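Tertiary structure, described
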Amino acid sequence: MRKLVLAASMALLTACSAPQQQQINFMPKAVLSSGDLVQDATFNLTSKDVRSAQYVALVDSGRSNIEPIHSKQNVRISIENALLEQFQSQGFRNTVNSENNIKIEVQEALVSIKHTVMENEMDGKVIIEITAETPQGKLVKTYTGTAKRTGALSASNEDIEGVLNDVVNLVLQEVANDKELQTYMQERF
């Protein structure tokens, strides 16, 4: 019995001392409208994440070692919440029993980092597809944001976090300023 307790204690201590996987904060900011486009038009919001992997960054340090970095927050839920806040600021209301639907599909959210001893190169890309569907038809729009950034020495997690959040915020800005989507929702919702 003592050996079993000792073995379990050793396993637990080993697990506690194992290096923890790095994570970054993913915090998209909603672009709020200054005035209502509609009064109380309803929609049902759904979202899905179709990315092939759940990490948000890949760090290539050049030594045949590519390390994935994950987000502390759920990417799909964070984007859905930011877009919901944007639509609500325009006067739309989310409800489960609306015949109008908005579907959000997160297709890509990734920062690729190449490290050398002297510099780093970061490429960020976010792709979100939004489908606005009513009984009269549907509108499908794809929004893409990209960014390239170089810096001295290695990129920190804060640098990576900054690129990812900047790119997703650009995409949210593009959605907020999309007159075609606004008009479609205004006229049909």
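Residues numbered from 1 in each chain as written. Predicted model: local features only at pLDDT ≥ 70, side-chain atom pairs only at ≥ 80, totals over all residues. Heavy atoms only, no water.

Along the backbone of the protein chain there are 4 helices and 8 strands. Its helices and strands in sequence order give the protein chain the pattern α-β-β-β-β-α-β-β-β-β-α-α, from N to C terminus. Residues counted as buried form 40% of the 189 residues belonging to the protein chain. Of the contacts made within the protein chain by residues no fewer than 6 positions apart, 76% connect residues no fewer than 24 positions apart. Surface summary for the protein chain: the accessible area is close to 10,900 Å², and the carbon and sulfur share equals 51%. (Helix = DSSP H or I, 4+ residues; strand = E, 2+ residues; numbered from the N terminus. Buried < 20%, exposed > 50% of the residue type's maximum accessible area, 1.4 Å probe, protein only. Contact = heavy atoms within 4.5 Å. Areas by Shrake-Rupley, 256 points an atom, 1.4 Å probe, with all protein chains shown as cover.)

Of the two faces of strand S3 (residues 57–60), only one is covered, namely that formed by Ala57 and Val59; the face formed by Leu58 and Asp60 stays uncovered. As consecutive antiparallel partners, S3 and strand S4 (residues 66–71) are separated by 5 residues, and within that stretch glycine 62 has a phi angle of approximately 80°, a positive value. Note that S3 and strand S6 (residues 101–115) share 4 bridges and pair parallel. Considered in S6, the bridge of aspartate 60 is made with lysine 114. (Pairing = 2+ DSSP bridges.)

Centre-to-centre distance and the angle between the planes together describe a pair of aromatic rings. Inspection of the entire model under this criterion finds 4 aromatic pairs. Residues phenylalanine 43 and phenylalanine 87 carry aromatic rings whose centres are separated by 5.9 Å and whose planes lie at 80° to one another, so their mutual orientation is edge-to-face. Pair noted here: phenylalanine 43 is in strand S2 (residues 41–49) and phenylalanine 87 is in helix H2 (residues 75–89), with a separation of 44 residues, a long-range link. By relative accessible area, which is 0% here, phenylalanine 43 ends up buried. By relative accessible area, phenylalanine 87 is classed as buried at 2%. Members of the aromatic cluster, joined through ring pairs, are Phe43, Phe87, Phe92 and Phe189. (Phe/Tyr/Trp six-rings, centres within 6.5 Å; stacked < 30°, edge-to-face > 60°.)

Okay, helix H4 (residues 179–188) next. When H4 is considered as a whole, its buried residues turn out to be Leu181, Gln182, Tyr184 and Met185. Along H4, the residues classed as buried sweep out an arc of 165° about the axis, all on the same side. For H4, the exposed residues lying more than 90 degrees away from the buried face are Lys179 and Glu187. Elements that come into contact with the buried residues of H4 comprise H2, strand S5 (92–94), S6, strand S7 (119–134), strand S8 (137–152) and helix H3 (157–176). N-capping of H4 is provided by aspartate 178, with a side-chain oxygen placed 3.0 Å from the backbone N of glutamate 180. (Arc of directions from axis to C-beta. Polar contact = N/O pair within 3.5 Å; in protein donor to acceptor, adjacent residues only side chain to side chain.)

Let us now look at H3. The terminal C-alpha atoms of H3, which comprises 20 residues, lie 28 Å apart, in line with the 28 Å expected from a rise of 1.5 Å per residue. For H3, the complete set of buried residues consists of Ile160, Glu161, Val163, Leu164, Asn165, Val167, Val168, Asn169, Val171, Leu172, Val175 and Ala176. (Expected span 1.5 Å × (residues − 1).)

Further remarks concern the pairing of S6. Bridge count for S2 against S6 is 6 bridges, and the pairing is parallel. Its bridge partner being in S6, asparagine 44 is matched across the sheet by asparagine 101. Bridging between S6 and S7 involves 14 bridges; their strand directions are antiparallel. Across the sheet, the residue bridging to serine 112 is aspartate 123, located in S7.

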